[in-house]
Each structure stands twice: as structure tokens, then as C-alpha cells.
Amino acid sequence: MILYVDETENSELFIVTGLLVKSREDAIKAYAHFKNAIKDIPIPNKEKSKVYTEFKAILLDRDYRRIKIKMLEEINNINPCIIYSCYIKKGEHFCQEYKEATYITLLSKIISTIESEISVIFDGFNKPDFEYRIVNRVLSYRHVQAIMPMDSQRETGLQFVDNLCSVIRLNKSNSDVYEFYELIKNFVIEV
């Protein structure tokens with residue numbers, strides 16, 4: 001099994017989300033099917049390369065909700081398990097060091113709930129010391145076979161989990177005006 005991991009935050013919340021799927025191939029097939037399903041949605045050529053490069057949640061949430069909905073429907077088709085953990089900011093200054101420690105803590109909560117053997121792919125930070133701490137902590141779990149940072153432009157599962165992060169953040173912040181969460185709620189677990 002593969003666990004794709006990403007994080008999101010706003011002024012009140014810091015959230016780490018994992019998308020657990022049977023295999024990397026399932027995510028790749030779902031992504032190909034998703035791209036095929038949206039090929040006829042009209043997008044101005046000027047925007048198309050920006051949208052199609054990475055399918056970033058911020059663009060889809062704001063301007064391309066039909067694409068977001070198609071993506072969420074495709075994620076559902078691979079029978080995922082979406083596990084997230086949330087930290088409520090307490091008004092303190094959320095400095096980088098504390099944010100990194102919180103990320104590792106929330107990720108550890110997610111991994112500790114999974115019983116089967118997994119490989120973990122997380123959205124890289126381009127901070128070798130932080131990534132080293134993440135890898136060391138996660139490899140301390142016996143059921144983790146491997147862990148690696150990847151670039152979300154190259155790893156389709158990370159694009160999926162990026163969008164799931166935004167859905168969960170919008171839902172937890174009571175600002176999911178398009179009710180994206182309704183499309184995934186049957187697959188979501190909070191830890």
C-alpha cells in the first residue's frame with residue numbers, strides 16, 4: 001500500500017493528510033482517467049498549462065470547480081482511505097521550527113493508525129535536515145517499508161492529496177461553500 005502525504009494550513013489550522021491506496025499504479029491509472037475525463041472542459045489556452053501542470057488546489061478551488069469535482073470523483077473510484085490529523089493553532093507564533101515538529105507529530109498519528117505494510121511518499125520541502133527528520137521518524141514504524149520525498153509535479157498521488165488537503169481545510173474552517181467534502185466524506189478518518 002502507498003500513503004501519499006501533504007499538508008495545508010490557514011490562520012487557525014495546520015492539517016496533515018494522507019491518501020492511502022492499494023498501489024502506486026492505482027493512483028497513476030486514476031490520474032490518467034481523470035485527465036481524460038476533463039479534456040473537453042473548456043479552459044483558456046493561457047490558463048491550460050498552469051492548471052494542467054500540477055492541478056494545484058488553490059486554482060481548482062477558486063476557478064475550476066468542475067475539474068476539482070471530477071478529481072474527487074476519480075479518487076473515490078480507487079476506494080481510498082483518507083486519513084488526516086489537525087492541529088488548532090492557539091494564537092501563538094507558529095514559527096518554522098514548531099511547524100516542522102507539528103508536521104512530524106501529525107504524520108506520526110496518521111501512520112500509527114495504519115496496520116498494513118506501507119510505503120510513504122510525501123511532498124518534498126527542499127529542506128534536507130527537515131526531510132531527514134521526517135524519514136527517521138517514519139522509518140521507526142515497523143510496518144513502513146520505505147519513505148521518500150517527491151515533487152508533486154512528478155507524482156500524481158501527491159496532486160490528489162494536495163486537493164484532499166484543501167477540501168478538509170475548507171470543511172474544518174466551515175468555508176466549503178461548494179460542498180466538496182460531501183464527495184469524499186465516506187472515505188475520511190480523522191485521527
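Above this text sits the structure in question.
Reference entry: report on the structure contained in this document.

**A word on the overall build of the chain**
Part 1 of the argument: A count of helices and strands for the chain gives eight helices and six strands.
Part 2 of the argument: The linear arrangement of helices and strands in the chain, starting from the amino end, is β-β-α-α-α-α-β-α-β-α-β-α-α-β.
Part 3 of the argument: For 191 residues, the compact-globule estimate of 2.2 N^0.38 gives 16 Å, and the chain sits close to it at 16 Å.
Part 4 of the argument: If one aligns the C-alpha atoms of the chain with their principal axes, the spans along those axes are about 45 × 40 × 30 Å.

**Thoughts on the nonpolar core**
A general feature of soluble globular proteins is that nonpolar side chains tend to end up buried together.
Part 1 of the argument: Judged by nonpolar contacts, the single largest core of 39 residues is most densely connected at Tyr 4, Leu 19, Val 51, Phe 55, Ile 67 and Ile 184.
Part 2 of the argument: No other element matches helix α7 (residues 156-172), which puts seven residues into this core.
Part 3 of the argument: Contact partners of Phe 55, with chain neighbours within four places excluded, come to Tyr 31, Phe 34, Lys 35, Ile 38, Leu 60, Ile 67, Met 71, Gln 159, Asp 162 and Asn 163.
Part 4 of the argument: With 26 residues, the next largest nonpolar core counts Val 16, Tyr 87, Ile 114 and Val 138 among its residues.

**Digging into the packing of helix α1 (residues 24-37) against helix α4 (residues 65-77)**
Part 1 of the argument: In the contact formed by α1 and α4, the axes pass within 9 Å of each other and the chain directions differ by 145 degrees. When you trace α1 past α4, the crossing you get is right-handed. Between α1 and α4, the contacting residues are Ala 30, His 33, Phe 34 and Ala 37 on the first element and Ile 67, Lys 70, Met 71 and Glu 74 on the second.
Part 2 of the argument: Split by residue class, the contact of α1 with α4 holds five nonpolar, one polar and two charged.

**Observations regarding the sheet that holds strand β6 (residues 188-190)**
Part 1 of the argument: If you trace the six strands from one edge of the open sheet to the other, you get β5-β4-β1-β2-β3-β6, paired in mixed fashion. Every other strand in the sheet has two partners, leaving β5 (144-150) and β6 as the edge strands with one partner each. Each neighbouring strand pair of the sheet contributes to a mean axis angle of 20 degrees, computed without reference to strand direction.
Part 2 of the argument: Here strand β1 (residues 2-9) runs beside strand β4 (residues 118-123); their pairing, made up of four bridges, is parallel. From the neighbouring strand, Leu 3 faces β4, where its bridge partner is Val 120.

**Overview of the environment of Lys 70**
Part 1 of the argument: Along the polypeptide, Lys 70 turns up in helix α4.
Part 2 of the argument: On the basis of relative accessible area, Lys 70 is assigned to the partly exposed category, the value being 35%.
Part 3 of the argument: It is 23 Å that separates the C-alpha atoms of Lys 70 and Ile 121, two residues lying 51 residues apart in sequence.

**Some remarks on the pattern of salt bridges**
Pairing between side chains becomes possible if they bear opposite charge and their charged atoms approach one another.
Part 1 of the argument: The final tally for this structure, using the stated rule, is eight salt bridges.
Part 2 of the argument: With a shortest N-O distance of 3.3 Å, Lys 172 and Glu 190 are connected by a salt bridge. Here Lys 172, found in helix α7, pairs with Glu 190, found in strand β6; they are 18 residues apart in sequence, far enough to count as distant.
Part 3 of the argument: Among the ionic pairs, Glu 182 bridges to Lys 185, the shortest N-O distance being 2.8 Å.
Part 4 of the argument: On the accessibility criterion, Glu 182 (44% relative accessible area) is partly exposed.
Part 5 of the argument: Among the residues examined, Lys 185 registers a relative accessible area of 37% and is labelled partly exposed.
Part 6 of the argument: Bridged by salt links that share partners, the residues Glu 100, Lys 127, Asp 129 and Arg 133 form one connected network.

**Focus on the packing of aromatic side chains**
Part 1 of the argument: Scanning the entire structure with this criterion turns up 11 aromatic pairs.
Part 2 of the argument: Looking at Lys 68, its charged tip hangs above the ring of Phe 180, at a distance of 5.6 Å from the centre.

**Describing the pairing of β4**
Part 1 of the argument: Buried residues dominate β4, accounting for six of its six residues.
Part 2 of the argument: Alternating positions in β4 separate into two faces, Ile 118, Val 120 and Phe 122 on one and Ser 119, Ile 121 and Asp 123 on the other, with burial throughout.
Part 3 of the argument: The pairing of β4 with β5 spans six bridges and is parallel. Note on β5: the bridge partner recorded for Val 120 is Ile 147.
Part 4 of the argument: Remark: the β4/helix α6 (residues 128-138)/β5 crossover connection has right-handed handedness.

About the criteria used
- Residues numbered from 1 in each chain as written.
- Predicted model: local features only at pLDDT ≥ 70, side-chain atom pairs only at ≥ 80, totals over all residues.
- Heavy atoms only, no water.
- Helix = DSSP H or I, 4+ residues; strand = E, 2+ residues; numbered from the N terminus.
- Rg over C-alpha atoms; globule rule 2.2 N^0.38 Å.
- Core = buried A, V, L, I, M, F, W, Y, C linked by side-chain atoms within 4.5 Å.
- Buried < 20%, exposed > 50% of the residue type's maximum accessible area, 1.4 Å probe, protein only.
- Contact = heavy atoms within 4.5 Å.
- Axes fitted to C-alpha atoms, helices over the stretch in contact; angles between N-to-C directions.
- Left-handed = near helix turned anticlockwise from the far one by under 90°.
- Nonpolar A, V, L, I, M, F, W, Y, C, P; charged D, E, K, R; others polar.
- Pairing = 2+ DSSP bridges.
- Salt bridge = Lys/Arg side-chain N within 4 Å of Asp/Glu carboxyl O.
- Phe/Tyr/Trp six-rings, centres within 6.5 Å; stacked < 30°, edge-to-face > 60°.
- Lys NZ or Arg CZ within 6 Å of the ring centre and 35° of its normal.
- Right-handed = clockwise from strand over helix to strand, strands pointing away.

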